[in-house]
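Understanding the architecture of this molecule
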Amino acid sequence: MKKTSRFFSIIFLLSFLLLQSCIPMRKVIYIKNNPISGKEISITPPVHHLEIGDVLFVRVLNSNDKSYEFFNVETNTNSSANNTSMASLYLNGSTINSLGMIELPVIGKIFLLGKNLEEAKVSIQKVVDEYLQDAIVIVKLANFQVTILGEVNNAGTFPVFKESVTIFEALAMAGDLSDYANRQKLKIVRTHNNKKNIYAIDLTDQQLLLSDFYYLRNDDVIYVEPLKYRTFRKSQSQVVLSALTTLTLMVNVFLRITE
């Protein structure tokens, strides 16, 4: 009888541990707390102000093909691979140096530190107009990327090929959060005025939609913390379940023999 009681105690303990590995539904729901009441959500993407190390994609367009070759680093406009490769954008882009300047063919150095993309375009356009008539200047941020680490299904650094990206879009690029992610405890490492700052983010709080962190900025790093109470991961749970099944079978056989 004592042996039987011991076996059942082991089974109960393993069953309890297995149940602890299950994640309650309330732990995996986004933006459910602190509802926004009486407000219409109107969100404007942030304006990026250029920092040291930013890489700009700058093109000067003109009907004169020779002028195009003079003013642009890359002249092979027919190569789609060159136009989409991050390495190509970096090699053919213009990096803002420690003095806050970029250097362009023919034009030379232009100070752009602290300006947004539209202001940078105007500054470059003024200089180009001294050389060409009816020229069109295109300016894009070529190194817009975010890094996502921690409890996500596909951690990594992801390039962003548009003007803005929300935190939810970025997490989707990382394959969404895992079941073991703590949606109330994320950290964002953000650069401002060439200084790093760490901010706490809660994905269950609807006020996030009105905060400065709904839209991500260039070189943001997101770290997703794991749930503290979780005991097992899925692979470990499967091992425990298999062991529990085997043990139950052994107890069954033992009880039949001892009857």
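Bear in mind that the values here come from a model prediction, so they are computed numbers and not experimental data.

1. Here's the deal with the sheet that holds strand β9 (residues 195-201)
On the basis of which strands lie adjacent, the open sheet formed by five strands has the order β7-β6-β10-β8-β9 and mixed pairing. Either end of the sheet is taken by a strand with one partner, and the two such strands are β7 (156-159) and β9. Neighbour-to-neighbour, the strand axes of the sheet open up by a mean angle of 20°, direction not taken into account. Here strand β6 (residues 145-150) pairs with strand β10 (residues 221-226) via four bridges, running parallel. Looking across to β10, one finds that Leu149 is bridged to Tyr223.

2. Looking at the packing of aromatic side chains
Under the definition given, this model contains three aromatic pairs. Ring geometry for Tyr214 versus Tyr215: centroids 5.3 Å apart, planes at 80°, classification edge-to-face. Here Tyr214 and Tyr215 have matching classes, each one buried. Through successive ring pairs, a cluster of aromatic residues spans Phe168, Tyr214 and Tyr215.

3. Re unusual backbone geometry
With a phi close to 70°, Val106 is a non-glycine residue in the positive phi region. Overall, the relative accessible area of 44% leaves Val106 in the partly exposed class. Not every positive phi belongs to a glycine, and Asp134 is a case in point at roughly 60°. Its location among the elements puts Asp134 in the loop between α5 (117-128) and β5 (136-141). Residue class for Asp134 comes out exposed when judged on its relative accessible area of 73%.

4. Comments concerning the environment of Ser88
With respect to the helices and strands, the residue Ser88 is situated in helix α4 (residues 86-92). Sequence separation between Ser88 and Ala142 is 54 residues; the distance between their C-alpha atoms is 9.8 Å.

5. Remarks on the sheet that holds strand β2 (residues 94-95)
Pairing in this open sheet of three strands is antiparallel, and the strands run β2-β1-β5 from one edge to the other. The sheet terminates laterally at β2 and β5, the two strands that pair on one side only. Here strand β1 (residues 55-61) runs beside β2; their pairing, made up of two bridges, is antiparallel. Within the sheet, the bridge partner assigned to Leu56 lies in β2 and is Ser94. Sitting on the sheet, α5 touches β1 and β5, and the angle it makes with β5 is about 145°.

6. Description of the pattern of salt bridges
All chains considered together, the criterion is met by four salt bridges. Here Lys140 makes a salt bridge to Glu163, at a shortest N to O gap of 3.6 Å. Taken together, the residues span a long stretch of sequence, with Lys140 in strand β5 and Glu163 in the loop between β7 and α6 (167-173) at a distance of 23 residues. You can call Lys140 partly exposed: its relative accessible area is 41%. Take Glu163: its relative accessible area is 53%, and that puts it in the exposed class.

7. Quick look at α5
The first and last C-alpha atoms of α5 sit 16 Å apart over twelve residues, in line with the 16 Å expected at 1.5 Å per residue. Among the residues of α5, those classed as buried are Leu117, Ala120, Ser123, Ile124, Gln125 and Val128. As for α5, its buried residues are in contact with β1, β3 (101-104), β4 (108-111) and β5. Measuring from the side-chain oxygen of the N-cap residue of α5 to the backbone nitrogen of Glu118 gives 3.1 Å; that N-cap residue is Asn116.

8. Focus on the pairing of β1
On a regular strand, each side chain points to the face opposite its neighbour's, so the side chains alternate between the two faces of the sheet. Within β1, five of the seven residues are buried, leaving the element largely enclosed by the surrounding structure. In terms of strand pairing, β1 meets β5 through six bridges, oriented antiparallel. Directly across from Val60, in β5, lies its bridge partner Val137.

9. Observations regarding the side chain of Asn143
Relative to the helices and strands, Asn143 resides in the loop between β5 and β6. Given a relative accessible area of 13%, Asn143 falls into the buried group. Here Val55 takes part through its backbone nitrogen, which lies 3.2 Å from a polar atom of the side chain of Asn143. Excluding residues within four positions of it along the chain, Asn143 makes contact with Gly53, Asp54, Val55, Met86 and Asn218.

10. With respect to the confidence of the model for the protein
In the predicted model, the protein carries a mean pLDDT of 79, and 66% of its residues have values of at least 70. Here residues 75-83 scores under 50 on pLDDT; set against residues more than four positions off or in separate chains, the count is nine contacts.

Parameters at a glance
Residues numbered from 1 in each chain as written. Predicted model: local features only at pLDDT ≥ 70, side-chain atom pairs only at ≥ 80, totals over all residues. Heavy atoms only, no water. Pairing = 2+ DSSP bridges. Helix = DSSP H or I, 4+ residues; strand = E, 2+ residues; numbered from the N terminus. Axes fitted to C-alpha atoms, helices over the stretch in contact; angles between N-to-C directions. Phe/Tyr/Trp six-rings, centres within 6.5 Å; stacked < 30°, edge-to-face > 60°. Buried < 20%, exposed > 50% of the residue type's maximum accessible area, 1.4 Å probe, protein only. Contact = heavy atoms within 4.5 Å. Salt bridge = Lys/Arg side-chain N within 4 Å of Asp/Glu carboxyl O. Expected span 1.5 Å × (residues − 1). Polar contact = N/O pair within 3.5 Å; in protein donor to acceptor, adjacent residues only side chain to side chain. pLDDT = per-residue confidence, 0-100.

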